[in-house]
Amino acid sequence: MHGCGNDYIYIDCREGVPENISGLAVRLSDRHKGIGGDGIILICNSENADFMMRIFNADGSEGRMCGNGIRCVAKYVFDKGLTDKHHLLIDSLSGVKVIDIAPEAKPGDEETWVTVDMGRPEIEELDETIELSDGSLLTGSIISMGNPHFVCFAEETPSDEKVLVKGPLAEKHRRFPDRSNIEFARLTGKDEIEMRVWERGSGETMACGTGACATAAAAIAKGLTGTDVTVHLRGGDLRISLDSRGHVLMTGPAAIVFEGFIQ
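A few points on the structure. Bear in mind that the values here come from a model prediction, so they are computed numbers and not experimental data.

Conventions we followed
Residues numbered from 1 in each chain as written. Predicted model: local features only at pLDDT ≥ 70, side-chain atom pairs only at ≥ 80, totals over all residues. Heavy atoms only, no water. Pairing = 2+ DSSP bridges. Helix = DSSP H or I, 4+ residues; strand = E, 2+ residues; numbered from the N terminus. Buried < 20%, exposed > 50% of the residue type's maximum accessible area, 1.4 Å probe, protein only. Polar contact = N/O pair within 3.5 Å; in protein donor to acceptor, adjacent residues only side chain to side chain. Contact = heavy atoms within 4.5 Å. 1 Å grid on protein atoms, 1.4 Å probe; cavity = no way out; pocket = protein on both sides within 12 Å on 5 of 7 lines; lining within 4 Å. Points joined across faces, edges and corners; volume = space filled by probe spheres on them. Salt bridge = Lys/Arg side-chain N within 4 Å of Asp/Glu carboxyl O. Expected span 1.5 Å × (residues − 1). Patch = residues over 30% accessible without salt bridge, like charges linked within 9 Å, V, L, I, M, F, W, Y side chains within 5 Å. Areas by Shrake-Rupley, 256 points an atom, 1.4 Å probe, with all protein chains shown as cover.

Take the pairing of strand β7 (residues 87–91) next. For a regular strand, side-chain orientation follows a simple rule: the groups alternate between the two sheet faces. In this structure, strand β5 (residues 51–57) lies alongside β7, joined through two bridges in parallel fashion. Counterpart to M52 in the pairing with β7 is D91. The sheet contact formed by β7 and strand β8 (residues 97–101) spans four bridges and is antiparallel. Each bridged residue has a counterpart across the sheet, and for I90 the counterpart in β8 is K97. Two successive antiparallel strands, β7 and β8, enclose a turn made up of five residues, where G95 displays a positive phi of approximately 105 degrees.

Below, the structure written as structure tokens:
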């Protein structure tokens with residue numbers, strides 16, 4: 001399944017989790033020798049919510065939250081008849097998230113639009129400059145959306161040199177002991193942002209839901225935009241808004257690509 005091109009392999013684990021799940025994530029995520037994806041997501045039972053999701057990145061590390069992934073989990077359980085609710089609670093390592101499937105959605109739709117209440121952003125620093133190992137400087141905002149982000153705004157379109165060279169250096173900077181997702185963003189109009197992302201454990205991905213939320217939260221906090229923002233990602237657009245409680249709401253598509261079996 002994918003949300004804006006952020007693709008994961010989804011496994012129904014309500015009857016049990018496979019052994020050596022980290023190793024399985026590495027093997028299945030390989031785009032040449034496996035199924036291929038940014039990682040794998042397990043759909044599990046939960047005592048605290050309707051379902052629980054666990055995320056394992058392409059390098060086998062376990063993630064805490066995935067905004068695009070949780071929308072796909074909602075579509076999966078809705079399409080498969082595991083629930084008939086349009087309003088769901090889905091648990092994760094970053095807590096229980098409230099999910100709303102579009103009221104007009106029907107099981108089996110090619111694409112389903114889903115809104116996720118991502119909670120309040122935790123803003124540690126709005127402007128911090130770090131020195132990378134190549135001697136260059138990078139300035140950004142340190143924000144958590146259930147996982148860590150370093151959001152860097154610039155006046156130029158995010159380039160391969162920035163994303164593919166600076167991204168991995170910043171991801172593993174000593175300032176981020178648990179590593180960080182790195183966003184490269186540019187304002188393109190009133191309440192519009194283009195963004196590319198280097199995700200910890202996966203490299204550049206077509207989209208990052210929590211990254212889009214962190215980028216919008218940084219822009220709003222810095223007074224660069226209003227409270228309703230469209231983030232343009234390589235794989236599509238996400239609509240991000242900040243409500244009266246200070247919660248970030250993310251709306252975007254989820255789609256099934258194919259289903260199958262693997263030994």
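Once that is clear, we can look at the side chain of E194. Turning to its location among the elements, E194 is positioned in strand β14 (residues 192–199). Classification of E194 as buried rests on a relative accessible area of 18%. Separated by 3.1 Å, the side chains of E194 and T157 make a polar contact. With near-sequence residues (within four places) excluded, E194 lies in contact with T157, P158, F184, A185, R186, T188 and H232.

Here the largest pocket is characterised by a volume of approximately 630 Å³. Around the largest pocket sit 21 residues that line it, and I9, Y10, F258, E259 and G260 are the ones nearest its centre. Elements that contribute at least two residues to the lining of the largest pocket include exactly β3 (9–12) and α1 (21–29). The element best represented in the lining of the largest pocket is β3, accounting for four residues.

Opposite charge on two side chains makes pairing possible when the charged atoms of those side chains draw close. In total, this model carries 22 salt bridges according to the counting rule given. A salt bridge links D117 to R245; the nearest nitrogen and oxygen atoms lie 3.0 Å apart. With D117 in strand β9 (residues 111–117) and R245 in the loop between β17 (236–242) and β18 (248–255), this residue pair connects regions lying 128 residues apart in the sequence. Relative accessible area serves as the criterion here: at 42%, R245 is assigned to the partly exposed category.

Attention now goes to helix α2 (residues 67–79). With 13 residues, α2 extends 19 Å between its outermost C-alpha atoms, agreeing within 8% with the 18 Å of an ideal straight helix rising 1.5 Å per residue. Within α2, 13 of the 13 residues are buried, which leaves it mostly tucked inside the rest of the structure.

Moving on: a nonpolar patch on the surface. A surface patch of nonpolar side chains, about 380 Å² in accessible area, is lined by I35, V257, F258 and I262. Its place among the elements puts I262 in the segment after β18.

Here N147 is to be found in the loop between β11 (137–144) and β12 (148–153). Here the side chain of N147 touches T210 through a polar contact of 3.3 Å, side chain to side chain. Beyond its immediate sequence surroundings of up to four residues, N147 is in contact with M65, N181, R200 and T210.

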